[in-house]
Amino acid sequence: SVFLSPVTLPKVNSNQGVEAPDIAVDEGDHLYVVWAELNGSDRNVRLVRSDDSGASFGSSGSGFAVSGNVDMTQPRVAGGRDGELFLCFIGDDGDERTLWATFTRSGYGMSDPIDLSSSESGNLYEPCIAAYEQDDSDDQTVIVAWNSGNAYGGNIRMKASPDSGDSYSADHVQVSEGNTQNSSNRRPVIAMHEEKFIVAWDGQPAGGGVVRTWTSSCEYELTDEGD
């Protein structure tokens, strides 16, 4: 395979730093790229979309998926149906660190973010997100996983939405519990198929030893909203 020449993405402020890009494709073959972009002392989440398989990219409005006075980092995206995109990111307002989730049904214009988890001690890192279609519903199932510790490790937790990101389960599931040492787990990644989700992460075994990659697969039964 031969890669095409790199495409310069639009709306990048040349004198501001960018970091933590992610990429996703929806069922309509729209290609999305997000990243955290410095805007003075804070970072916002930039979103661009390609409708021609990555040959060119455009953005809507300001070009930001989410912006404001909160420092936003580590954006992660998953594609849904045609024009549907799910986004999670970390926001830090100086007092607490929060994991947020939002979505768009039209390719641009994100919903009001939902607070999935907050920590005054800053213990939220490395989120990831995945989505799949439910066989018996018009909704998508969306799952977000994250490291609940610090940059050096923590516990791997997850929350699920049964209604295409409109709401999430009140309680989280601690995926790494009983598998690896607390405060040693990092870099969760997830994949989904029907009612099963698979999560992999770095973690130290309960008995000590070297850091390894763990994989856990289980059947997750979605609860009703608010349960």
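Residues numbered from 1 in each chain as written. Predicted model: local features only at pLDDT ≥ 70, side-chain atom pairs only at ≥ 80, totals over all residues. Heavy atoms only, no water.

A few words on the sheet that holds strand β8 (residues 114-119). If you walk across this open sheet you meet the four strands as β5-β6-β7-β8, and the pairing is antiparallel. If you trace the sheet from one side to the other, it starts and ends with β5 (71-79) and β8, each paired once. Mean inter-strand twist for the sheet, computed between neighbouring axes without regard to direction, equals 15°. (Pairing = 2+ DSSP bridges. Helix = DSSP H or I, 4+ residues; strand = E, 2+ residues; numbered from the N terminus. Axes fitted to C-alpha atoms, helices over the stretch in contact; angles between N-to-C directions.)

On to the confidence of the model for the protein chain, then. In this model, the protein chain carries a mean pLDDT of 85, and residues with pLDDT of at least 70 account for 87%. Scored below 50 in pLDDT, residues 223-227 shows four contacts in the model against residues more than four places distant or in partner chains. (pLDDT = per-residue confidence, 0-100. Contact = heavy atoms within 4.5 Å.)

Looking at where Val34 falls in the secondary structure, it is placed in strand β2 (residues 31-39). Sequence separation between Val34 and Leu47 is 13 residues, and the spatial gap between their C-alpha atoms is 4.6 Å. In this structure, Val34 is in contact with Ala20, Pro21, Asp22, Val45, Arg46, Leu47, Pro75 and Val77, ignoring residues within four places of it in sequence.

With that out of the way, let us pick up the environment of Trp201. Residue placement: Trp201 occurs in strand β14 (residues 196-203). Overall, the relative accessible area of 1% leaves Trp201 in the buried class. In the structure, Trp201 is positioned 16 residues away from Asn185 in sequence and 6.6 Å away in space, judged by C-alpha atoms. Within the structure, Trp201 has its side chain in polar contact with the side chain of Asn185 (distance 3.1 Å). (Buried < 20%, exposed > 50% of the residue type's maximum accessible area, 1.4 Å probe, protein only. Polar contact = N/O pair within 3.5 Å; in protein donor to acceptor, adjacent residues only side chain to side chain.)

Turning our eyes to something else, we now look at unusual backbone geometry. Generally, phi is negative for residues other than glycine and the peptide bonds are trans, each holding for most cases. Of note in this structure, Asp29 is not a glycine but carries a positive phi near 65°. The phi angle at Ser183 is positive, at roughly 70°, despite the residue not being glycine. Along the chain, Ser183 turns up in the loop between β12 (173-174) and β13 (186-193). Given the relative accessible area of 53%, Ser183 is considered exposed.

Quick look at the sheet that holds strand β11 (residues 156-161) now. On the basis of which strands lie adjacent, the open sheet formed by four strands has the order β9-β10-β11-β12 and antiparallel pairing. A single partner strand is all that each edge strand has here, and the edge strands are β9 (125-133) and β12. Both strand β10 (residues 140-147) and β11 contribute to a ladder of six bridges, which runs antiparallel. Residue pairing in the sheet places Trp146 in a bridge with Arg157 of β11.

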